[in-house]
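Letter by letter, the chains look like this.
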Amino acid sequence: MTRFRALQRYGLQPDTRICLFDNGLPLSLKPEDSALNSMTDLRRVPAASTKPESTIDQAMQRMIHVGVRLLFVLDDLGTLVGLITARDIMGEKPVRLAAEDHIARDDIKVQNIMVPLGQIDVLDFPEVERSTVGDIVLTLRKAGRQHALVREETPHGIEIRGIFSISQIARQLGVTLQSNDVVQSFAGLEQLIASDD
């Protein structure tokens, strides 16, 4: 019987950067496969990003164009200042902000609704290297998140080395996700993992 475990999560430091580009993920995998097989490695795949001053509609168009549901928010020096997801843009945050601050939705900026650096939990690359896909699914479920960032210490400081996406993992496991709802997203994956025990 395979046992999975949730990974330790960490906070990010203010000078965190995104690591540079280096190529692809396997098309299919099993829960007991190495977690690295489901991690988008930012040394191989360019990070999709936006600026804090971009509008949320510009950010959504960027996501659609690049084919992702999460953008890194980078300042003019390329330093990570936050994250924004499609759920942030399509959810209640912009509606609430528009109502409370009496501003038009078209004027809402990424910086107004992004998840700021101080609220981002990350996984540590050496621990991810020792982990399985099942461990990552459990970690994401426990955190109630659809994405997890992976940090790595380099000679240049802390960098974001990779990202896990529950939708990417589901595709690789051959599970169809019925909803953008986090709870429902995990139902099919947990069933698959449980059937492996």
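All figures in this text were calculated on a predicted structure; none of them were measured in a lab.

Criteria and cut-off values
- Residue numbers run consecutively from 1 along every chain, following the written order of its sequence.
- Selection of residues for local features in this predicted model requires a pLDDT of at least 70, selection of side-chain atom pairs for listing and counting requires 80 or more, and totals for whole chains, interfaces and linings are taken over all residues.
- The basis for the side-chain values is all heavy atoms of the structure; hydrogens and waters are excluded.
- Exposure classes here rest on a 1.4 Å probe applied to the protein chains alone. A residue is buried below 20% of its type maximum, exposed above 50%, and partly exposed in between.
- Under the DSSP-based scheme used, a helix requires at least four consecutive residues in state H or I and a strand at least two consecutive residues in state E, with every element numbered from the N terminus.
- Each C-beta atom gives one direction from the helix axis, and the arc is the one those directions make.
- Here, a strand pair is defined by DSSP locating no fewer than two bridges between the strands.
- Only heavy atoms matter for contacts: two residues are in contact if any of them lie within 4.5 Å across the pair.
- Axis definition: a line fitted to C-alpha atoms, limited for helices to the stretch in contact. Angles are taken between N-to-C directions and run from 0 to 180 degrees.
- Orient the strands so they point away from the viewer, and a crossover whose first-strand-to-second-strand path over the helix runs clockwise is right-handed.

1. Quick notes on helix H1 (residues 56–66)
For H1, the full list of buried residues reads Ile-56, Ala-59, Met-60 and Met-63. Within H1, the buried residues cover an arc of 100° as seen down the axis, which keeps them to one side. In H1, the exposed positions that point more than 90 degrees away from the buried face belong to Gln-61 and His-65. Positive phi shows up at Gly-67, right after H1, with a value of about 80°.

2. Re the sheet that holds strand S6 (residues 80–85)
Ordered by their spatial adjacency, four strands build an open sheet running S4-S5-S6-S7, and the pairing between neighbours is mixed. Bordering the open sheet on either side are strand S4 (49–50) and strand S7 (115–116), each of which pairs with just one other strand. Bridge analysis of S6 against S7 gives two bridges, and the strand direction is antiparallel. Its bridge partner lying in S7, Leu-83 is registered against Val-115. Packed on one face of the sheet, H1 meets S4, strand S5 (70–74) and S6 and runs near 125° to S5.

3. Focus on the pairing of S5
Of all five residues in S5, five are buried, a share of seventy percent or more. Both faces of S5 are covered, namely the face carrying Leu-70, Phe-72 and Leu-74 and the face carrying Leu-71 and Val-73. One ladder, built from two bridges, connects S4 with S5; its direction is parallel. When the bridges of S5 are listed, Thr-50 appears paired with Val-73. Note that the unit made of S4, H1 and S5 has a crossover that is right-handed. Between S5 and S6, which follow one another and run antiparallel, lie five residues, and Gly-78 among them has a positive phi close to 80°.

Read these as spatial facts, not as claims about activity.
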